[in-house]
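# Observations on the model geometry
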Amino acid sequence: MARDPQPRSVAERLILLGWLLPRPPASPRRYLLAPEVRRWLPKPLILSEGAPAPVAPLPPALRAAIVLLLVCSATPLPVCADGSLRRAALRTLLPLLAPASLNEVACVYAFVLPYLYDFGLISQQRSHCALAPGAPVFLASSLDIQLRRLIDAWIRSPLPDPWLQRLRLASVGIDWPMLRRRLVQWVEAVPPGRLLHPEHLCVALIDSFGPLADAHTHGFRVVRRSPWRLPGQVRVLLAALREPLHWLGLVAWHDRRVYRPLECAAPTRDWRYGTAGEVLVPFDGVDADALHLAQGGRWIRGDALGLTWRMTRIPRAQEEAVYQVLLRRAGTPPDAWGAPCSNRAPSLRLVESVALVADAPGDLEWALRARSVQRYVQTRLAPGIALVRPEHVAALQRALARQGIAVAGRAPIPAAAPPLDALSPGDCAALLVACAFYRRHAPAGMPLIVDETLESALWRPLSPPLRDAVEEALTYLDAHSCSATEWIDSSGNGHISAVENAPFSGSLRQSAVNEHDLLETLRRTIAQRRTVTIEYDVGGEGRVERRTVRPLELERRHDAWYLRAYCLRRRAERTFRLDRVRAWAM
């Protein structure tokens, strides 16, 4: 090295760096390792011998993703404004993720749902989440590819992890992908297939690989010492082992011990018939074909191996498609199982109940705290509204009276059907049309409820041809509900004739008084579930069209009002700007 300062070997380069020290000439010709370098080098991971671990089930995050896609293919699920699932949706998914509890299911979906939105597997449509076009492609791939996509999405996500924020440790300046990548690398260094004590494992990992948090994980701030002390690092590792690493299948738990799963054999992909009308679908056999089953049934339960689908009433248009999927994936069904058919009798129940309504929803919640009141409530429809069986009304009133709560009103007594011996079938048909006309065109302030018992009794004497004629008359009444009304000009010039092609005049922008009248009319129409016919300036270009719509919702944007309604001509929902309405009629 004195003759040639350029290093020619790895040993010479390490000596120049100060990592290796040559011994004095009198001693044997060997190298010494500097103490600073010796402390810097990682120690071997020393773990106590553990019992053999069982076969790990499918990761909860992957199970939750598959279940959500299958359920959304049948019906959209309600979500909150931030995209998280509502409690009602979680209760629908709970039987398919047994034996997890409702809180565990909520935590798993709060973790996995943002990645499903990012993948384009589901989409949020107003207050519901529905299946997106990318779902069949995702289900067609293998379980390993699906799980790897979830793991990569979690590692690369720049958003903070809620499980770590709950620990209240120093999280300012964290490089989240770097921290997650370090957690995954540490777990992959654990020997697989051995049950380990979680606290001992965390201490051994920190002792072998050094501090969990350093200048690399907190790279967005100046770090002069380890941001987390040893107890805080152990808490972080335990939380990661219990939540994200467990949900993604990097570790598994058994009898309060943690282990890294071995590469297990792929489960069977074959569907098989169960009890009558049920098919057992393993998770490895879920693909795009499973989405077609939503057209003729529903998913009723699940376990660690797969899901169970039960056949219900199948529409005639989808019967052949569902049957071909079952033949291709599960074979010919046995005789005792049954076959999908469109003429299967539906299983329905008609339940008679009494509504218990509270003006303030908190009053009902306060009353339901008593078990003597809860036992008589059948179900809760909405905040402040509950259903009670008629035979329990008297007992419920006594239970509420003991709490000092008086119940206004009385339960309706089911009335017997009126005698119809003196009425001919033609008279019954005329009365049915009259009831429908009264419900649609009764003046404001008049009672709009026709006794359902009376209407059901009027339908009985009708022959099939007369029944078809009445239904056709009711359809015609819905389509021409504005033919006998008067039009109201938006410019405030009074009433206009109801001639089909009568000219309409008025400014594009309504005055405040006329806008108020139109708003009141639309609110009354929404409350009464009636239709309204409008003369609408399409695009604000002077081209006026007549539309018959069923108003759904009023919304104000900036200084203009908008109406969301179902257009009977387009047979779809449309949005109308109220300052372009020239005339209207209920």
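About the criteria used
- Residues numbered from 1 in each chain as written.
- Predicted model: local features only at pLDDT ≥ 70, side-chain atom pairs only at ≥ 80, totals over all residues.
- Heavy atoms only, no water.
- pLDDT = per-residue confidence, 0-100.
- Helix = DSSP H or I, 4+ residues; strand = E, 2+ residues; numbered from the N terminus.
- Buried < 20%, exposed > 50% of the residue type's maximum accessible area, 1.4 Å probe, protein only.
- Pairing = 2+ DSSP bridges.
- Axes fitted to C-alpha atoms, helices over the stretch in contact; angles between N-to-C directions.
- Parallel < 35°, antiparallel > 145°, perpendicular 65-115°, else oblique.
- Contact = heavy atoms within 4.5 Å.
- Nonpolar A, V, L, I, M, F, W, Y, C, P; charged D, E, K, R; others polar.
- Core = buried A, V, L, I, M, F, W, Y, C linked by side-chain atoms within 4.5 Å.
- Phe/Tyr/Trp six-rings, centres within 6.5 Å; stacked < 30°, edge-to-face > 60°.
- Lys NZ or Arg CZ within 6 Å of the ring centre and 35° of its normal.
- Salt bridge = Lys/Arg side-chain N within 4 Å of Asp/Glu carboxyl O.

Turning our attention to the confidence of the model for the protein. For the protein, the average pLDDT comes to 81, and 84% of its residues sit at 70 or higher. The secondary structure element of the protein with the lowest average pLDDT is strand 16 (residues 495-496), at 41, and the one with the highest is helix 12 (residues 244-247), at 95.

With that settled, consider the pairing of strand 12 (residues 354-357). Burial along strand 12 is one-sided: Val354 and Leu356 are buried, and none of Ala355 and Val357, which face the opposite way, are. With four bridges joining them, strand 12 and strand 14 (residues 385-388) adopt antiparallel strand pairing. Each bridged residue has a counterpart across the sheet, and for Val354 the counterpart in strand 14 is Val388.

The subject of this paragraph is the packing of helix 3 (residues 60-74) against helix 7 (residues 143-156). Put simply, helix 3 and helix 7 touch, their axes get as near as 10 Å, and they point 105° apart. In terms of orientation, helix 3 lies roughly perpendicular with respect to helix 7. Of the residues in helix 7, those in contact with Ala61, Leu62 and Ile66 of helix 3 are Leu143, Gln146, Leu147 and Leu150. In terms of residue class, the contact of helix 3 with helix 7 is built from six nonpolar, one polar and no charged.

Time to look at unusual backbone geometry. For the peptide bond that leads from Ala98 to Pro99, omega is 5°, which places it in the cis range. Mapped onto the elements, Pro99 comes out in the loop between helix 4 (87-93) and helix 5 (102-119). Phi is positive for Arg168, which is not a glycine, with a value near 60°. Inspection of the secondary structure assignment puts Arg168 in the loop between helix 8 (162-165) and helix 9 (176-188). Here Arg168 falls in the exposed class, since its relative accessible area comes to 78%. Phi at Arg256 is positive, roughly 65°, even though this residue is not glycine. Of note, Arg256 is situated in the loop between strand 6 (252-254) and strand 7 (257-259). Overall, the relative accessible area of 72% leaves Arg256 in the exposed class.

Relative to the helices and strands, Leu522 resides in helix 21 (residues 512-528). Spatially, the C-alpha atom of Leu522 lies 8.6 Å from that of Leu563, the residues being 41 residues apart in sequence. With residues up to four places along the chain from it excluded, the contact list for Leu522 reads Val532, Pro551, Leu554, Leu563 and Leu578.

Here three strands make up an open sheet; going across it, the order is 12-14-13 and the pairing antiparallel. Here the strands that pair on one side only, and so sit at the sheet edges, are strand 12 and strand 13 (377-382). When the angles between neighbouring strand axes are averaged without regard to direction, this sheet yields 30°. With four bridges connecting them, strand 13 and strand 14 associate as antiparallel partners. For Thr379, the partnering residue across the bridge sits in strand 14 and is Leu387.

Next up on the list: the pairing of strand 10 (residues 297-302). Where strand 10 meets strand 11 (residues 306-311), five bridges bridge the pair, whose relative direction is antiparallel. Note that in strand 11 the partner of Trp299 across the bridge is Trp309. Hairpin remark: strand 10 followed by strand 11, antiparallel, with three residues in the connecting loop.

Counting residues in hydrophobic clusters, the biggest one holds 95 residues, and the most contacted among them are Leu68, Leu85 and Tyr109. Residue contributions to this core peak at 11 residues, all from helix 3. Listed in part, the 17 residues of the second largest apolar core include Ile534, Val538, Leu554 and Val581.

The next point concerns the packing of aromatic side chains. Per the stated rule, a full pass over the model turns up four aromatic pairs. Relative to Tyr115, the ring of Phe111 lies with its centre 5.6 Å away and its plane at 80°, an arrangement referred to as edge-to-face. Placement of the pair is Phe111 and Tyr115 together in helix 5, with a separation of four residues, close to one helical turn. Judged by relative accessible area, which is 8%, Tyr115 ranks as buried. In this structure an aromatic cluster arises from ring pairing among Phe111, Tyr115 and Trp247. Over the face of the ring belonging to Phe119 we find Arg149, whose NZ or CZ atom lies 4.4 Å from the ring centre. In this structure, Arg557 is placed above the aromatic ring of Tyr562, and the distance from its NZ or CZ to the ring centre is 4.8 Å.

For the rest of this paragraph, the subject is the pattern of salt bridges. Counted by the stated rule, this structure contains 20 salt bridges. Across the pair Asp289 and Arg328 runs a salt bridge whose closest N-O atoms are separated by 3.1 Å. Of this pair, Asp289 sits in helix 13 (residues 288-292) while Arg328 sits in helix 14 (residues 316-330); the two residues are 39 residues apart in sequence, bridging distant segments of the chain. Overall, the relative accessible area of 16% leaves Asp289 in the buried class.

All right, on to the packing of helix 5 against helix 7 then. Relative to each other, helix 5 and helix 7 sit at 100°, their axes nearing to 10 Å. As judged from the angle between their axes, helix 5 and helix 7 are roughly perpendicular. Judged by residue contacts, Phe111, Val112, Tyr115 and Phe119 of helix 5 engage Arg149, Leu150, Ala153 and Trp154 from helix 7. When grouped by side-chain class, the residues that make up the contact of helix 5 with helix 7 number seven nonpolar, no polar and one charged.

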